[in-house]
Amino acid sequence: MTDQPCPWCGSDPLYVAYHDTEWGRPVRDSRALFECLMLEGFQAGLSWFTILKRRETFRTAFAGFAPEIIADWGEAEVQHLLNNPGIIRHRGKIEATLAGARAYLRIEAETGFSNFLWALNGPRRDNRLTSAAEIPAQTPVSQAMSKALKSQGFKFCGPTITYAFMQATGMVNDHLVSCPQHHKSDSPPAV
């Protein structure tokens, strides 16, 4: 069977657009990678669609995920975010984002955040999957990435979260081979 989109995106236009223009496309921009990693952390225990619907509100609440801004935030900003009904109001995830911003700035200054992540990943992998049942929840690479990120001060970045991050940012191509996006996913995301 050919030309069947990945079944996880369903039929909601927002989710289909995300699948068709962003998910699985290689991201090399450090800031975009940081934002995605932070949002994947917020997604823990929830569906990605829940986060995707709130992504613009998250961007506004977290100053565009500008690490140089949010790295200096403290308890007053955490309290403000905990009162924002447009985001996931989880203290641990909010504080993890602020800690992640500080870790990002250190890594970006040393080697570049994109370079750091892609070195952990290695060359982009094309998994050539034929069914959703073949998609792993985590891999040895996502386990190593999780461990490396945690050692740098990141939180909410377990190996399942890092694998979802790797999929979203095109470090792996997990579009099913029957999906029209499988062969298009070599190009950068549209956003």
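Residues numbered from 1 in each chain as written. Predicted model: local features only at pLDDT ≥ 70, side-chain atom pairs only at ≥ 80, totals over all residues. Heavy atoms only, no water.

Novice: Which residues make up the pattern of salt bridges, and what values go with them?
Specialist: Tallied over the full model, the rule gives six salt bridges. One salt bridge connects E75 with R91, and the closest N-O pair in it is separated by 3.0 Å. Here R91 lies in helix α6 (residues 91–110) and E75 lies in helix α5 (residues 75–82), a separation of 16 residues in the sequence. A salt bridge links R91 to E95; the shortest N-O distance between them is 2.8 Å. Linking R91 with E95, this pair stays in helix α6, spanning four residues, or about one helical turn. Looking at E95, the relative accessible area reads 34%, which means it is partly exposed. (Salt bridge = Lys/Arg side-chain N within 4 Å of Asp/Glu carboxyl O. Helix = DSSP H or I, 4+ residues; strand = E, 2+ residues; numbered from the N terminus. Buried < 20%, exposed > 50% of the residue type's maximum accessible area, 1.4 Å probe, protein only.)

Novice: So, the packing of helix α2 (residues 30–43) against helix α7 (residues 113–121): which residues are in play, and what are the values?
Specialist: Geometry of a packed helix pair, given as the angle between the helix axes and the separation of the axes. Remark: α2 packs on α7, axes separated minimally by 8 Å, with the N-to-C direction vectors making an angle of 65 degrees. One finds that α2 runs roughly perpendicular with respect to α7. Here α2 contributes S30, L33, F34 and L37 to the contact with α7, which in turn contributes F113, S114, L117 and W118. Here the residues of the contact of α2 with α7 sort into six nonpolar, two polar and no charged. (Axes fitted to C-alpha atoms, helices over the stretch in contact; angles between N-to-C directions. Parallel < 35°, antiparallel > 145°, perpendicular 65-115°, else oblique. Contact = heavy atoms within 4.5 Å. Nonpolar A, V, L, I, M, F, W, Y, C, P; charged D, E, K, R; others polar.)

It is worth stressing that arrangement in space is one thing and function is another; only the former is reported here.
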